[in-house]
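Fold and contact review
Chain by chain, the residues:
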There are 2 protein chains.
Amino acid sequence: MPSPRLGLLLLERSPFLLNKYLAWAGGLGGRAGWAATAGGDGRCVRLSAHRARRLLASVDTLLFDCDGVLWRGESAVPGAPEALSALRAQGKRLGFVTNNSSQTRVAYAEKLQRLGFGGPAEPAGHEVFCTAYCTALYLRQRLEGGEVPAKAYVLGSPALAAELEAVGISSVGVGPEPLRGVGPGDWLAEPLDSGVGAVVVGFDPHFSFAKLTKAVRYLQQPGCLFVGTNMDNRNPVEGGRYVAGAGCLVRAVETATQRQAEIIGKPSRFIFDCVTKEFGLNPDRTAMVGDRLDTDILLGVTCGLKTILTLTGVSSLEDVKGNQQSDCSSRNKMVPDFYVDSIADLIPVLQD
Amino acid sequence: MPSPRLGLLLLERSPFLLNKYLAWAGGLGGRAGWAATAGGDGRCVRLSAHRARRLLASVDTLLFDCDGVLWRGESAVPGAPEALSALRAQGKRLGFVTNNSSQTRVAYAEKLQRLGFGGPAEPAGHEVFCTAYCTALYLRQRLEGGEVPAKAYVLGSPALAAELEAVGISSVGVGPEPLRGVGPGDWLAEPLDSGVGAVVVGFDPHFSFAKLTKAVRYLQQPGCLFVGTNMDNRNPVEGGRYVAGAGCLVRAVETATQRQAEIIGKPSRFIFDCVTKEFGLNPDRTAMVGDRLDTDILLGVTCGLKTILTLTGVSSLEDVKGNQQSDCSSRNKMVPDFYVDSIADLIPVLQD
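A word on the overall build of chain A. A count of helical and extended segments in chain A gives 15 helices and 16 strands. Here chain A, with 352 residues, has 60% of them falling under the buried criterion. Counting only contacts in chain A whose residues sit at least 6 apart along the sequence, the fraction spanning at least 24 positions is 73%. Accessible surface for chain A amounts to roughly 13100 Å². Of this, 52% is attributable to carbon and sulfur atoms.

Structure (structure tokens):
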């Protein structure tokens, strides 16, 4: 099932339609029964030992966000590797679902190993669903049968280009692109690559007006696909700091082109469909564990999963409260079933 | 009266609130009486000779957008200089209201002279209300009384910096800014200027992730103002082509900071307030002439002016029809009282 954003055209200047999307998303999943099992009206309850036992008995698979959940930068969250080892020991299947488009699937698998999160050595990265990889899957699906070799203009990382390459899609655009000439006439005279059939926007520290101009020109061509890896507005950095996320760059291109990008990452359903396809999941017996209400938890709610917020990352209980008390139904949906201070809180239950 | 966007905070990920803004804007102005005089239910009627005579008898001042109305690039719209000369000869006061932030007021006055649009030589630029100038007026008003010398971080042109300088506000940031270092730690370690009290985002062909990062860091500081010159999503170039407009860059910064910029240009009321303050206008006896429904015409509607769409620029009668037939009340407001193929159509009436 495609993302609800797919194919939507921006007909007005600023209708990014998130609220409609959220309203749609919130209508999915038949959660009433589970909500009663979880917190009922008092949703977002602490995952006590009792509740954790019941929850773990009801799921086969746990999907984890990475940054802010398993690690922060190059440091594992204390106890997180032990929690994951214990889950593996109980026979749970684990998946890692991240919006970060700056690393390949294999690089993520290496990081999981390096920081002590184990996992099968072969096939490398089998448990990882990062947006670089899932964007490649999406494009392969969409560009199949094209008459010319599939090629994408990539505002993003070498890792994103590598994942595209791995499915047979070549790319142009990665890296810095200087502004040449002194005005629009010069900027619009820069040569385009005639083989490009898609523009992919991810996190790109080399983003520039010159690149924006090229992306817009490709997107004016009939049939050129427009894909965004994710809509995260910020990428958190240690110490409560952040840098602009891929969502800022997608918005800039959307605004110029008046087109809406097809979004791969959370909370878009597409990334979950990738997991389902490879894992053969039953959503009823799957939990999503994340630190962000607007991506991880919303994805879980959208897809009918059980949801656990961990407080080691971006979102806080204050944020949950704000969503619960909001008169905006779209925000009301961004509330998890449970919360933990850290996924390390699961260890005692798993060692029973 | 401040722009309705002033002070609004982005509380959710994507609520740019344009629709609410438009709904608000459309509620202003008490146009019922005039609508009956103009097209009534059949709004956007051709400005026939008869209607033009009635209209001109009812106004003292005509405000013109420039690009797409008076000229395209360096070529005057045929007949436009003669039309303006005839209006001046009839004693009408003329004003030029443009969202372009890449030229100073004086440079605009020179262009008006160069292309044959006349106007008083002294004081230079007195008739011109460009966003570079009006942004400077706005900041002077807001930064007055600050304890440190007022300084702005400018994502924009040297002209924007020059207009700020003219009212005593120094600036940093104009021109290219290379990305230094290899990751967020390096990017966030770049020194900031401690005197900066505002971030101004205009059209900036040197826009980059490095500049976005700096803008975001300044805007995290308490009390730092956030101003956008205009929200135009595209800047038209000859031959139906375009480059991304300042609105794309403002959106990128808004998305990262989750703050909403204070917008100076059309359709924000602030730019009209600048005209009113300097000209002492009576909105009832003023007409706005422009080529864009979402800026010029909406400004006119918002401020209770008579509105004339000219078809020599961006918007078409198809666009008008789309707005008239839309079930979205905000789009219904972006319909002019009259249209002309070109402002040269006024010449026969003025020569009677």
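The discussion continues.
Contacts between the two partners involve 43 residues from chain A, matched on the other side by 43 residues from chain B. Of the roughly 4000 Å² buried where chain A meets chain B, counting both sides, 63% is carbon and sulfur surface. At the boundary of chain A and chain B, one finds zero salt bridges. Counting the contacts that link chain A with chain B gives eight residue pairs in polar contact (both at pLDDT 80 or more). For the side of chain A that touches chain B, the class distribution of residues is 23 nonpolar, 12 polar and eight charged.

A separate point is unusual backbone geometry. Residue and element names in this part refer to chain A. With omega at 5°, the peptide bond leading from Lys 266 into Pro 267 counts as cis. Structurally, the position occupied by Pro 267 is in the loop between β13 (262-263) and α11 (269-279). Phi is positive for Cys 44, which is not a glycine, with a value near 65°. Among the structural elements, Cys 44 can be located in the loop between α2 (32-37) and β1 (45-46). Residue Cys 44 is classed as buried on the basis of its relative accessible area, which comes to 11%.

All names here are of chain A. Spatially, five strands are ordered β8-β7-β9-β10-β13 in an open sheet, and the strand pairing comes out parallel. Two strands bound the open sheet, and with one partner strand each, they are β8 (170-172) and β13. Where strand β7 (residues 151-155) lies against β8, three bridges are found, and the strand directions are parallel. Of the residues in β8, the one forming a bridge with Lys 151 is Ser 170.

Quick look at the pattern of salt bridges now. All names here are of chain A. Overall, the coordinates contain 34 salt bridges over all chains when judged by the stated rule. We note a salt bridge from Glu 262 to Arg 142, for which the minimum N-O separation is 3.3 Å. Taken together, the positions of Glu 262 in strand β13 and Arg 142 in helix α6 (residues 131-143) put the pair 120 residues apart, joining distant regions of the chain. On the basis of relative accessible area, Glu 262 is assigned to the buried category, the value being 8%.

Next up on the list: the side chain of B:Ser208. Note that B:Ser208 resides in the loop between β9 (196-201) and α9 (209-219). Filtering out sequence-adjacent residues up to four positions away, B:Ser208 remains in contact with A:Phe207, A:Ser208 and B:Glu177.

Along the chain, B:Gly245 falls in the loop between β12 (241-244) and α10 (246-257). Discounting chain neighbours no more than four positions away, the residues touching B:Gly245 are B:Phe203, B:Asp232, B:Asn233, B:Arg234 and B:Asn235.

Once that is clear, we can look at the relation of the copies chain A and chain B. The operation relating chain A to chain B is a screw motion whose rotation component is 180°, with 0.0 Å of axial translation and a residual RMSD of 0.0 Å. Between the two chains, the operation in question is that of a two-fold axis. Taking C-alpha positions as reference, the residue of chain A nearest the rotation axis is A:Ser208, located at 2.0 Å. Of the interface residues in chain A, 100% have counterparts in chain B that sit at the interface too, so the contact is made through matching surfaces.

Turning our attention to the nonpolar core. Counting residues in hydrophobic clusters, the biggest one holds 67 residues, and the most contacted among them are B:Leu62, B:Phe64, B:Leu70 and B:Leu139. Top element by residues in this core is helix α6 (residues 131-143) of chain B. It accounts for eight residues. Excluding anything up to four places from it in sequence, B:Leu70 contacts B:Phe64, B:Asp65, B:Ala76, B:Val77, B:Ala80, B:Leu84, B:Phe96, B:Leu112, B:Phe117 and B:Ile343. With 66 residues, the next largest nonpolar core counts A:Tyr108, A:Phe117, A:Val200 and A:Leu305 among its residues.

The next thing to look at is the packing of aromatic side chains. Residue and element names in this part refer to chain A. One pass over the full model with this rule turns up 20 aromatic pairs over all chains. Between Trp 71 and Phe 117 the ring centres are 6.0 Å apart and the planes differ by 65°, which places this aromatic pair in the edge-to-face class. Here Phe 117 lies in the loop between α5 (105-114) and β6 (128-130) and Trp 71 lies in strand β3 (residues 71-72), a separation of 46 residues in the sequence. We classify Trp 71 as buried; its relative accessible area is 0%. Members of the aromatic cluster, each reached through a chain of ring pairs, are Trp 71, Tyr 108 and Phe 117. Against the face of Phe 129 rests Arg 105, its NZ or CZ located 5.1 Å from the ring centre.

With that settled, the discussion passes to the pairing of strand β11 (residues 234-237) of chain B. Residue and element names in this part refer to chain B. The sheet contact formed by β11 and β12 spans four bridges and is antiparallel. Bridge pairing links Val 237 to Arg 241 in β12. Linking β11 back to β12 in an antiparallel pair, the connection comprises three residues, with Gly 239 at a positive phi of about 80°.

Residues and elements named next belong to chain B. Position of Glu 127 among the secondary structure elements: in the loop between α5 (105-114) and β6 (128-130). One polar contact links Glu 127 to Arg 88, side chain to side chain, over a distance of 2.6 Å. Apart from the residues within four sequence positions on either side, Glu 127 is in contact with Arg 88, Leu 94, Gly 95, Phe 96, Gly 119, Pro 120 and Phe 279.

Quick notes on the rules
Residues numbered from 1 in each chain as written. Chains lettered and ligands numbered in written order. Predicted model: local features only at pLDDT ≥ 70, side-chain atom pairs only at ≥ 80, totals over all residues. Heavy atoms only, no water. Helix = DSSP H or I, 4+ residues; strand = E, 2+ residues; numbered from the N terminus. Buried < 20%, exposed > 50% of the residue type's maximum accessible area, 1.4 Å probe, protein only. Contact = heavy atoms within 4.5 Å. Areas by Shrake-Rupley, 256 points an atom, 1.4 Å probe, with all protein chains shown as cover. Buried area = accessible area lost by both parts, 1.4 Å probe. Salt bridge = Lys/Arg side-chain N within 4 Å of Asp/Glu carboxyl O. Polar contact = N/O pair within 3.5 Å; in protein donor to acceptor, adjacent residues only side chain to side chain. Nonpolar A, V, L, I, M, F, W, Y, C, P; charged D, E, K, R; others polar. Pairing = 2+ DSSP bridges. Least-squares fit on C-alpha atoms with pLDDT ≥ 70 in both. Core = buried A, V, L, I, M, F, W, Y, C linked by side-chain atoms within 4.5 Å. Phe/Tyr/Trp six-rings, centres within 6.5 Å; stacked < 30°, edge-to-face > 60°. Lys NZ or Arg CZ within 6 Å of the ring centre and 35° of its normal.

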